[in-house]
Amino acid sequence: MLQNNIFCKNINFAEALKSATIKSSIKGNDMSTHYLEPIIISISNLGKDALEIAINTGDYFIPKEADKQNIIVTQTEIIALKAGESKNIKIKGMCTEPADASGDASTVYTYKAIDNEKMKALSAFIAKNNYQSAAAQQAMWCLVDNRDLNAIIAADSSEQNNLKRFMAALTGRTFTITTDDYQTNYYMPPKERVGGKFEYS
């Protein structure tokens, strides 16, 4: 619990929300896709002491509108606030509802703890490897929507295969590694032999 005249370091966001020490609002980020920094948290320290508040990998944000996407945090953010200080912080996260619409600046979110260990494990893997990418978003959708792991495609073949291997271990499902198919390997474009007479500059 937060108390006056005590410096609190690495307070969990959930605990901070229960106190009267901070004021915050959570909204969508118009300047991001649903898998980069889709959440902006506006937060103020109302107390007399400096705070460090942790928004942890695996934390979950639920929009008030049911047709907007839920977001899971994919990188821990430590928010340092001096007494009386306010900040707007962009949060890295990914969508967990592929059939819903992206949030925007008018979308209001609430914090919710989740007990889905597989989602937390994937979020931690994404954070550890800094896979804040479309491929990692596909991995998240493969997990929550039971999709084929071969849908995970990245320009970086090592990222792609690392995500597939992790997902296979996490879910018990299988995948194939292809090296000569342009649909699954950006470095192998299709080749065509042509003949004739042409001009170019």
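Residues numbered from 1 in each chain as written. Predicted model: local features only at pLDDT ≥ 70, side-chain atom pairs only at ≥ 80, totals over all residues. Heavy atoms only, no water.

**Q** How would you explain the overall build of the protein if you had to name every residue and give the values?
**A** The secondary structure content of the protein amounts to four helices and 10 strands. For the protein, the succession of helices and strands along the chain, N to C, is β-α-β-β-β-β-β-β-β-β-β-α-α-α. Accessible surface computed for the protein: about 11500 Å², of which carbon and sulfur atoms make up 49%. (Helix = DSSP H or I, 4+ residues; strand = E, 2+ residues; numbered from the N terminus. Areas by Shrake-Rupley, 256 points an atom, 1.4 Å probe, with all protein chains shown as cover.)

**Q** Provide a residue-level description of the sheet that holds strand E5 (residues 60-63), including the pertinent values.
**A** The antiparallel open sheet is built from four strands, whose spatial order is E9-E6-E5-E10. Because the sheet does not close on itself, it has two edges, and the strands there are strand E9 (93-95) and strand E10 (109-112). Taking the axes of each pair of neighbouring strands and ignoring which way they run, one obtains an average angle of 30° across the sheet. For E5 and E10, the ladder comprises four bridges, and the chain directions are antiparallel. Bridge pairing in E10 places Tyr60 opposite Lys112. (Pairing = 2+ DSSP bridges. Axes fitted to C-alpha atoms, helices over the stretch in contact; angles between N-to-C directions.)

**Q** Would you mind going over the pattern of salt bridges in detail, with residue names and values included?
**A** Pairing is possible between side chains of opposite charge, provided their charged atoms come close. Scanning all chains against the criterion turns up four salt bridges. As a salt-bridge pair, Glu65 and Lys68 come within 3.7 Å of each other at their nearest N and O atoms. Taking relative accessible area as the criterion, Glu65 reaches 33% and is therefore assigned partly exposed. Salt-bridge contacts for Asp104 lead to Lys68; the nearest nitrogen and oxygen are separated by 4.0 Å. A residue pair is termed long-range when its members are at least 10 positions apart, and Asp104 in the loop between E9 and E10 and Lys68 in the loop between E5 and strand E6 (71-73) qualify at 36 residues. Residue classification places Lys68 among the buried positions, given a relative accessible area of 9%. Salt bridges sharing common partners tie together Glu65, Lys68 and Asp104. (Salt bridge = Lys/Arg side-chain N within 4 Å of Asp/Glu carboxyl O. Buried < 20%, exposed > 50% of the residue type's maximum accessible area, 1.4 Å probe, protein only.)

**Q** Tell me about the packing of helix H3 (residues 134-145) against helix H4 (residues 157-171), and please be specific about residues and values.
**A** Close contact between H3 and H4 brings their axes to 10 Å; oriented N to C, the two are set at 15°. With respect to H4, the axis of H3 lies roughly parallel. Viewed along their axes, H3 and H4 form a crossing whose handedness is right-handed. For the pair H3 and H4, contact is made by Ala135, Ala136, Ala139, Cys142 and Leu143 and by Glu159, Leu163, Met167, Leu170 and Thr171, respectively. (Parallel < 35°, antiparallel > 145°, perpendicular 65-115°, else oblique. Left-handed = near helix turned anticlockwise from the far one by under 90°. Contact = heavy atoms within 4.5 Å.)

**Q** Can you tell me about the nonpolar core, naming the residues and giving the values?
**A** By size, the foremost hydrophobic cluster in this structure holds 23 residues, and its most contacted members are Phe13, Ile39, Ile41, Ile43, Ile53, Ile55 and Phe61. Not counting residues up to four positions away in its chain, the partners in contact with Ile43 are Phe13, Ile22, Lys23, Ser24, Ile53, Ile79, Leu81, Glu85, Ser86 and Lys87. (Core = buried A, V, L, I, M, F, W, Y, C linked by side-chain atoms within 4.5 Å.)

**Q** I'd love a proper account of the packing of aromatic side chains, names of residues and values included.
**A** Tallied over the full model, the rule gives five aromatic pairs. Ring geometry for Phe125 against Phe166: centres 4.1 Å apart, planes inclined by 10°, an arrangement best described as stacked. One end of the pair, Phe125, is in helix H2 (residues 117-129); the other, Phe166, is in helix H4, with 41 residues separating them in the sequence. Connected via pairs of aromatic rings, a cluster forms that spans Phe13, Phe61 and Tyr111. (Phe/Tyr/Trp six-rings, centres within 6.5 Å; stacked < 30°, edge-to-face > 60°.)

**Q** Lay out the sheet that holds strand E2 (residues 22-28) with the relevant residues and their values.
**A** Read from one edge to the other, the open sheet built from three strands follows the order E2-E3-E8, with strand pairing classed as antiparallel. Single-partner strands in this sheet number two, and they are E2 and strand E8 (86-91). The average undirected angle you get between the axes of adjacent strands in this sheet is 20°. Bridge count between E2 and strand E3 (residues 39-45): seven bridges; the pairing is antiparallel.

**Q** Which residues make up the packing of H2 against H3, and what values go with them?
**A** Relative orientation of the contacting elements H2 and H3 amounts to 170°, with a least axis distance of 11 Å. One element, H2, and the other, H3, form an angle in the roughly antiparallel class. Residues Lys118, Met119, Leu122, Ser123 and Ile126 of H2 form the contact with H3, whose participating residues are Ala136, Ala139, Met140, Leu143 and Val144. Taken together, the residues of the contact of H2 with H3 sort by class into eight nonpolar, one polar and one charged. (Nonpolar A, V, L, I, M, F, W, Y, C, P; charged D, E, K, R; others polar.)

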